[in-house]
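Structural features, examined
One letter stands for each residue in the lines below.
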Amino acid sequence: DPQQTELTTASKRKLRRFIVIDEVVDKLYGSKVREYFEKNNVQHKILALPTTEETKSMDLVLNILHEVQNFSLDRRTEPIIAIGGGVCLDIVGLAASLYRRRTPYIRVPTTLLSYVDASVGAKNGVNFLQCKNKLGGYTPPVASFLDRSFIQSIPRRHISNGLGEILKMALMKHKGLFDLLKNHGKYLLDTKFQSCNGFADHGDAALQTTRIAIETMLEELAPNLWEDDLDRLVDFGHLISPELEMRVLPSLMHGEAVNVDMAFMTYVAHARGLLNAEEKEQILQCMRGLELPVWHSGCSWALIQRALRERLKHSGGQPRMPLPTGLGVAEIFNDTSEEILERAYELWVRD
């Protein structure tokens, strides 16, 4: 808003910002962040915290809120800034939504997963009673700042982890994105999603992949930001994975757990006759090429049954199961029998 910008720059009051940064990111980029605020004459408080799935709790939210209160933040003009992965963005989003009922916040994702997933949409939350994101709300940020240069410093496994969520959107909505991942997956892993000169064969695969992933995610989320409609293609890979991820922490990362879920659901789609054998194999080969797990010993038949029962509780009594009906196309089904699920599970385990 040009008027707001003018008022801010004309004001004699010194700019102030409260920043929450993941402690690993702080070690890598903290000096640059501090230098930025100092050069721009911004009074600031930087709170570095361990933001992991194991620490994603109300305790950490309250820790942030104590520091925000001590900083005497103005909730109308001084947005909280979150710099980190998806867990950091979720925790800070919840803290901001609670402080004075709603304080603006800005997301700065630093992992591939948070870049294409947590940076988009309105949801925030924390784990509670060993259940993933059981406490939370819907408070969108005032802005998300996307900078792929952060991604170059994260380990290869974290790149693969983010590719799981990108593949989700490819399988549900975009054959072209699936082809990009199938043809350029190793290159994206090797270059850590940096735009590199001298690789004409690949074009700017990193830019294309992230742009399409975010655009397709926005297409799905924007008309249904508050989840009034529970039929959501973006729930693909998220029926079994919440139960699996919390059960086997920390052996699976979020995108890895999502991919295990997607692999099983690929077998379900095949067992229902929605995918032919060649399409099923293409999907599994793409997953392996992205260095994602296609099976995990913790994903037992009992866990799948329990996860699907839990799904029924918070999806209006229907499973609302998104399944691929081809490469890049999908539908939501409520009539998948236990017999088909069990047959798919047996084939999955056998393979």
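What you see is a predicted model, and the numbers here were worked out from it, not measured in a lab.

About the thresholds
- Residues numbered from 1 in each chain as written.
- Predicted model: local features only at pLDDT ≥ 70, side-chain atom pairs only at ≥ 80, totals over all residues.
- Heavy atoms only, no water.
- Helix = DSSP H or I, 4+ residues; strand = E, 2+ residues; numbered from the N terminus.
- Rg over C-alpha atoms; globule rule 2.2 N^0.38 Å.
- Contact = heavy atoms within 4.5 Å.
- Areas by Shrake-Rupley, 256 points an atom, 1.4 Å probe, with all protein chains shown as cover.
- Lys, Arg positive; Asp, Glu negative; His and termini not counted.
- Charge placed at Lys NZ, Arg CZ, Asp CG, Glu CD.
- Pairing = 2+ DSSP bridges.
- Axes fitted to C-alpha atoms, helices over the stretch in contact; angles between N-to-C directions.
- Core = buried A, V, L, I, M, F, W, Y, C linked by side-chain atoms within 4.5 Å.
- Buried < 20%, exposed > 50% of the residue type's maximum accessible area, 1.4 Å probe, protein only.
- Domains from an automatic or database assignment.
- Buried area = accessible area lost by both parts, 1.4 Å probe.
- Salt bridge = Lys/Arg side-chain N within 4 Å of Asp/Glu carboxyl O.
- Polar contact = N/O pair within 3.5 Å; in protein donor to acceptor, adjacent residues only side chain to side chain.
- Phe/Tyr/Trp six-rings, centres within 6.5 Å; stacked < 30°, edge-to-face > 60°.
- Lys NZ or Arg CZ within 6 Å of the ring centre and 35° of its normal.

A tally of regular secondary structure across the protein gives 13 helices and nine strands. A globule of 351 residues ought to have a C-alpha radius of gyration of about 20 Å, and the protein, at 21 Å, matches this closely. Taken over the C-alpha atoms alone, the protein extends approximately 70 × 50 × 35 Å along its principal axes. Within the protein, counting contacts between residues at least 6 apart in sequence, those at least 24 apart form 75% of the total. Split by element, the accessible area of the protein, about 16,500 Å² in all, is 50% carbon and sulfur. Across the protein, the centroid of the 42 positively charged side chains sits 6 Å from that of the 45 negatively charged ones.

One open sheet holds the five strands; their spatial order is 2-1-3-4-7, and the pairing between them is parallel. With one partner strand each, in any of the chains shown, strand 2 (43–49) and strand 7 (143–144) form the two edges of the open sheet. Its contacts with the sheet place helix 4 (residues 86–98) against strand 1 (16–22), strand 3 (80–84) and strand 4 (105–109), and it is angled at close to 165° to strand 3.

With four bridges connecting them, strand 8 (residues 321–324) and strand 9 (residues 330–333) associate as antiparallel partners. Each bridged residue has a counterpart across the sheet, and for Leu323 the counterpart in strand 9 is Glu331. If you look at the hairpin formed by strand 8 and strand 9, you'll find five residues sitting between the two strands, and Gly328 has a positive phi there, around 90°.

Core analysis: the largest hydrophobic core is formed by 72 residues, its most contacted members being Leu167, Ile240 and Phe264. Counting residues domain by domain, this core receives three or more from each of domain 1 (13–152) and domain 2 (155–196 + 203–223 + 232–350). Counting residues in hydrophobic clusters, the runner-up holds 25 residues, among them Val20, Leu65, Leu73 and Ala82.

It is worth spelling out the domain arrangement of the protein at this point. By the assigned domains, the protein splits into domain 1 (13–152) and domain 2 (155–196 + 203–223 + 232–350). In this structure, domain 1 and domain 2 have C-alpha centres spaced 27 Å apart. Contact residues are listed per partner, giving 20 residues for domain 1 and 28 residues for domain 2. Of the roughly 1,900 Å² buried between domain 1 and domain 2 on both sides combined, carbon and sulfur atoms contribute 68%. Of all residues in domain 1, Leu112, Leu113 and Arg148 give up the largest surface area on contact with domain 2, accounting jointly for 32% of the area buried on that side. At the junction of domain 1 with domain 2, the criterion picks out two salt bridges. On the surface where domain 1 and domain 2 come into contact, there are five residue pairs in polar contact (both at pLDDT 80 or more). Elements that contribute at least two residues to the side of domain 1 that touches domain 2 include exactly helix 5 (112–118), strand 5 (123–128) and strand 6 (131–138).

Quick look at the packing of aromatic side chains now. Tallied over the full model, the rule gives eight aromatic pairs. For the pair Tyr29 and Phe150, a centre-to-centre distance of 4.9 Å together with 80° between the ring planes defines the contact as edge-to-face. Linking Tyr29 in helix 2 (residues 23–39) with Phe150 in the loop between strand 7 and helix 6 (156–173), this pair joins segments that are 121 residues apart in sequence. The exposure classification of Tyr29 matches that of Phe150, with both residues buried. With a centroid separation of 5.3 Å and 80° between ring planes, the pair formed by Tyr36 and Phe37 is classed as edge-to-face. On the accessibility criterion, Tyr36 (52% relative accessible area) is exposed. Using a relative accessible area of 6% as the deciding quantity, one classes Phe37 as buried. Through successive ring pairs, a cluster of aromatic residues spans Phe264, Trp301, Tyr345 and Trp348. Across the ring face of Phe71, the terminal group of Arg16 is positioned such that the distance to the ring centre comes to 4.1 Å.

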